[in-house]
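Listed below, chain by chain, are the residues.
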Amino acid sequence: MSFKLRNHIKTNPYVTTLVYRNQKVIYFKVGRTASTMITKYVGRNYEEVSLPYFHSISRDTNDTNEILEKLKDGDAKKYFKFTVVRNPFARVVAAWKAYNRKRKVTDDFDSFILDKGVGHLRYEDGSFTNDHWFPQHYYAFYENGVQFVDYIGKYENLKSVNKNLIENISECTSNMTISNLDAKPNYKEMFKKKSVKKKFCDIYRKDLELFDYEF
């Protein structure tokens, strides 16, 4: 009896995991990838089984934990598992701008990347301060590089995502309303300093390689 997927979710609490039991779907929800819109499109009848970060969608928190505890790999194979990712540079710039407007991160983007502590990309111990810039490969791959999702869509091509979800999820029979997305940030202007770009590439190297993104 194997619980590899369950253990991966428990080890990485930022990996928000939504289970649609009726539709046999598991959505690994990456922040800043139109995830709120995608969640509503797939359906409203879901349970958040990842360790609580913001809140538990289920009315019964104990029930959600029970679902996660009993999630055997054999059972997970019966579900259509997917995630949607985004260019790491564009995603982090969009997230930084959104949180900067809320005064929750430093005003200096260079410092946000290079330095550590509250209001920055990472804490002093190197862990990430928020799920909106948590590396995306954790939502699709195990530490050993083995992919555990059935489909990886891209924010830059939501029409393709829409088509794939219609083909694999019974309740998704109409086109996704693609609206209120982040305007494409001119992220290259934010990485003028070589030291900032190098540090970023070092931190997000797996995302860039596994999802075939570049500067």
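Residues numbered from 1 in each chain as written. Predicted model: local features only at pLDDT ≥ 70, side-chain atom pairs only at ≥ 80, totals over all residues. Heavy atoms only, no water.

> Is there a simple way to explain a positive patch on the surface in this structure?
Together, K97, R101, K102 and K104 make up a positively charged patch on the protein surface. By secondary structure assignment, the location of K104 is in the loop between α5 (88-101) and α6 (109-114). (Patch = residues over 30% accessible without salt bridge, like charges linked within 9 Å, V, L, I, M, F, W, Y side chains within 5 Å. Areas by Shrake-Rupley, 256 points an atom, 1.4 Å probe, with all protein chains shown as cover. Salt bridge = Lys/Arg side-chain N within 4 Å of Asp/Glu carboxyl O. Lys, Arg positive; Asp, Glu negative; His and termini not counted. Charge placed at Lys NZ, Arg CZ, Asp CG, Glu CD. Helix = DSSP H or I, 4+ residues; strand = E, 2+ residues; numbered from the N terminus.)

> Would you mind going over the pattern of salt bridges with me for this structure?
Note on pairing: side chains with opposite charge can pair once their charged atoms come close. Evaluation of the coordinates by the stated rule reveals 12 salt bridges. K206 is paired through a salt bridge with E143; the nearest N and O atoms lie 3.9 Å apart. Highlighted residues: K206 in helix α9 (residues 205-210) and E143 in the loop between α6 and β5 (151-154), separated in sequence by 63 residues. Ionic pairing is found between K163 and E167, a salt bridge with its closest N-O pair at 2.6 Å. Residue K163 and its partner E167 are located together in helix α7 (residues 158-168), separated by four residues, close to a single helical turn.

> In this structure, what is going on with the packing of aromatic side chains? I would like to understand it.
Between two aromatic rings, the relevant description is the distance of the centres plus the angle of the planes. Per the stated rule, a full pass over the model turns up 24 aromatic pairs. Relative to Y139, the ring of F134 has its centre 6.3 Å away and its plane inclined at 75°; by these criteria the two rings are edge-to-face. The lysine or arginine in question, K4, covers the ring of Y142, its NZ or CZ lying 4.5 Å from the ring centre. Over the ring of Y213 we find K154; its NZ or CZ atom is 4.2 Å from the centre of that ring. (Phe/Tyr/Trp six-rings, centres within 6.5 Å; stacked < 30°, edge-to-face > 60°. Lys NZ or Arg CZ within 6 Å of the ring centre and 35° of its normal.)

> What's the story with the confidence of the model for the protein chain in this structure? I'm lost.
Interpreting fine coordinate detail is not advised for predicted regions of low pLDDT. On average, residues of the protein chain score 89 in pLDDT, and 90% of them are at 70 or above. Between residues 53-59, whose pLDDT stays under 50, and residues either more than four places distant or in other chains, the model counts 15 contacts. (pLDDT = per-residue confidence, 0-100. Contact = heavy atoms within 4.5 Å.)

> Is there a simple way to explain the pairing of strand β1 (residues 16-20) in this structure?
Consecutive side chains along a regular strand alternate between the two faces of the sheet. Burial within β1 is extensive, with five of its five residues counted as buried. Alternating positions in β1 separate into two faces, T16, L18 and Y20 on one and T17 and V19 on the other, with burial throughout. In terms of strand pairing, β1 meets strand β2 (residues 25-29) through five bridges, oriented antiparallel. When the bridges of β2 are listed, V19 appears paired with I26. (Buried < 20%, exposed > 50% of the residue type's maximum accessible area, 1.4 Å probe, protein only. Pairing = 2+ DSSP bridges.)

> What exactly am I supposed to notice about α5 here?
The periodicity of an α-helix, 3.6 residues per turn, causes residues three or four places apart in sequence to face the same way. When the terminal C-alpha atoms of α5 are compared, their 20 Å separation across 14 residues agrees well with the 20 Å that a helix rising 1.5 Å per residue should span. With respect to burial, α5 is a largely interior element, 12 of its 14 residues being buried. Restricting attention to buried positions, one finds in α5 the residues P88, F89, A90, R91, V92, V93, A94, A95, W96, A98, Y99 and N100. Contacts made by the buried residues of α5 are with α6, α8 (194-203) and α9. By the N-cap criterion, in which a side-chain oxygen at the helix start approaches the backbone nitrogen of a residue two or three places on, α5 is capped by N87, the distance to F89 being 2.8 Å. After α5 finishes, the residue R103 shows a positive phi value of roughly 60°. (Expected span 1.5 Å × (residues − 1). Polar contact = N/O pair within 3.5 Å; in protein donor to acceptor, adjacent residues only side chain to side chain.)

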